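Survey of secondary and tertiary structure
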Amino acid sequence: MKTQDITSLKQLLSSAKKIVIVPHKNPDGDAIGSTLGLYHYLKKGNHDVTVIAPNDYPHFLKWIPGNESILKHDTQRDTCEDLINNVDIIFTLDFNAFHRTGQMETVLAHSKALKIMIDHHQAPDDYATYTYSDVSMSSTCEMVYNFIDFLGDEHLVDNTIATCLYVGIMTDTGSFRFRSTTSKTHAIISKLIDKGANNNEIHNNVYDTNSYERLQLLGCALTNLKVIPESRAAYITLSQDELQKYNYKKGDTEGVVNYGLSLDGIVLAAIFIEDKNEGIIKISLRSKGNFSVNEMSRAHFEGGGHTNAAGGKSDLTLTETVEKFISILPSYNKALNNE
Ligand code: 5GP
Ligand code: MN
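All of the points below concern the structure found in this document. Everything numeric in this text was worked out from a predicted model, so none of it was measured.

**A short note on the overall build of the protein chain**
Of regular secondary structure, the protein chain possesses 14 helices and 12 strands. Its C-alpha radius of gyration of 20 Å places the protein chain within 12% of the 20 Å reference for a compact globule of 339 residues. Contacts spanning at least 24 positions in sequence make up 65% of the contacts within the protein chain whose residues lie at least 6 apart.

Next up, the structure:
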C-alpha cells in the first residue's frame, strides 16, 4: 500500500466507525478467516463491525472465533441491506469484483459507503477508495496481517486474530505447499503461532472432521476421474444424482480437484459439479507451473481466479461441458506440454 494511503487510513480509523466486511459468495477458509480476523482487529478500535457473507459456508469453518456473529445476505436480506446502506465503511475481502458476491452485487454497487478492498485475485475492479491488491500474496489472510502491520498495530494481533488468519493462509496455500507460499508467508505463520494460534488444533478442525458420507463421495469422484495424457490433463465429474446419493453438504467437494493434479505428469486438473438449483455446472481448475487456469477460465468458463487456481461456470449440461473442455484442450497442448 502507498504510504499516503496508510496515513489516510490511520486517520480514517482513528475514530469509531460503522463498518461492514464482506467476503465472496461461497466463502472459503481464506474468505472467512480474513473477514473474521479483520473483524476482531477493528472491534479493538471500538468500531461497530459486522461481517456479512453472501451465503453459507462449510461446516469445517464454523468453529472459527466470531463465526456466530456473521450475517448471511441470502437468508437475512433486509437486515443486511439496511446495514450496508447505513455504514461508513465497507471492506471487501478476498474478491476483485462485486459480481463475485452474487446477489449482493447491486446493494454493494449502490452503497455510498467508502470502500476498502483487500484482495489477491488478478484484475481487480476499481470501485474502492483504497485498494490493497497484490496477486503475489498467498492469501487475503496474509494481506490482513500486513494491513494491520502497516497501520502500526501488529501488537494488537492476539490469539483470536492469529487463529482466524492462520486458517486462511493454511487453506489458500494447500497447507503451505503452493507456489504462492513464500518465506514471508512462513514468517507470518511463525508470528501467528507465537501469538497463540494452535496450529495442530486448526489443521485438525479444518481437515480431520470429515463425515463418512464425504469420504464416500470422494470415492465416487475418484472413480469418475479421467485422464487425457496428450494434454497432461485430468478431470472429475460429479452429477447432482451422485451428490444426492452421498448426502452432499456445502464444502464436501472442497479440494477434490487437487487429486487430479496429484497424478504424476499431470499439469491441468478440472472438476465439473452439477448444480441443478442454480442451473449451472460449477467448475474448478487447477494447474502446475506457468499454465494459467485464470486465463482459461476467463476465456471459456465465465470465471477467473489465480494462475494455478481458478473457478468458473457453464450453462451447458454436464456432458456438454465436459465435451467443451475436451474440445478446447488441443489449443493448449503446446503450453501444457511445455510445463
Ligand atoms: P475454487 O475452484 O476453489 O472455487 O476457486 C479457485 C479460485 O478461483 C479462488 O481464488 C476463487 O476465488 C476463484 N474463483 C472461483 N470461482 C470463480 C468465478 O466464478 N469467477 C472468478 N473471477 N473467480 C473465481
Ligand atoms: Mn483467497
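**What to know about helix α7 (residues 183–194)**
Taking 1.5 Å per residue as the helical rise, α7 with its 12 residues ought to reach 16 Å, and the 17 Å between its terminal C-alpha atoms agrees with that figure. Within the span of α7, buried status applies to T185, I188, I189 and L192. Projected onto a plane normal to the axis of α7, the buried residues spread over an arc of 100 degrees and lie on a single side. Facing away from the buried side of α7 by more than 90 degrees, the exposed set consists of S183, A187, S190 and D194. Buried residues along α7 sit against α5 (140–150) and α6 (159–172). At the C-terminal side of α7, G196 shows a positive phi close to 120 degrees.

**Comments concerning the nonpolar core**
With 58 residues, the main nonpolar core has I21, L165 and Y166 as its most contacted residues. When residues in this core are grouped by element, the largest group, eight residues, is from α6. Residues within four places of I21 in sequence aside, it is in contact with T35, L38, Y39, V49, V51, F91 and L93. I236, I266, L268 and V293 belong to the second largest nonpolar core, which has 30 residues in total.

**Remarks on the sheet that holds strand β11 (residues 304–305)**
Across the sheet, which stays open at both edges, the six strands sit in the order β7-β8-β9-β10-β12-β11 with mixed pairing between neighbours. Two strands in the sheet have a free side with no partner beyond their single neighbour: β7 (226–228) and β11. As paired elements, strand β10 (residues 280–287) and strand β12 (residues 309–314) share six bridges and run antiparallel to each other. Its bridge partner being in β12, L285 is matched across the sheet by A310. Sheet strands touched by helix α13 (residues 318–328): β7, β8 (233–238), β9 (268–275), β10 and β12. Its angle to β9, the strand with the most contacts, is close to 160 degrees.

About the criteria used
- Residues numbered from 1 in each chain as written.
- Chains lettered and ligands numbered in written order.
- Predicted model: local features only at pLDDT ≥ 70, side-chain atom pairs only at ≥ 80, totals over all residues.
- Helix = DSSP H or I, 4+ residues; strand = E, 2+ residues; numbered from the N terminus.
- Rg over C-alpha atoms; globule rule 2.2 N^0.38 Å.
- Contact = placed C-beta atoms within 7 Å.
- Expected span 1.5 Å × (residues − 1).
- Buried ≥ 20, exposed ≤ 12 C-beta atoms within 10 Å, placed from the backbone.
- Arc of directions from axis to C-beta.
- Core = buried A, V, L, I, M, F, W, Y, C linked by C-beta atoms within 7 Å.
- Pairing = 2+ DSSP bridges.
- Axes fitted to C-alpha atoms, helices over the stretch in contact; angles between N-to-C directions.

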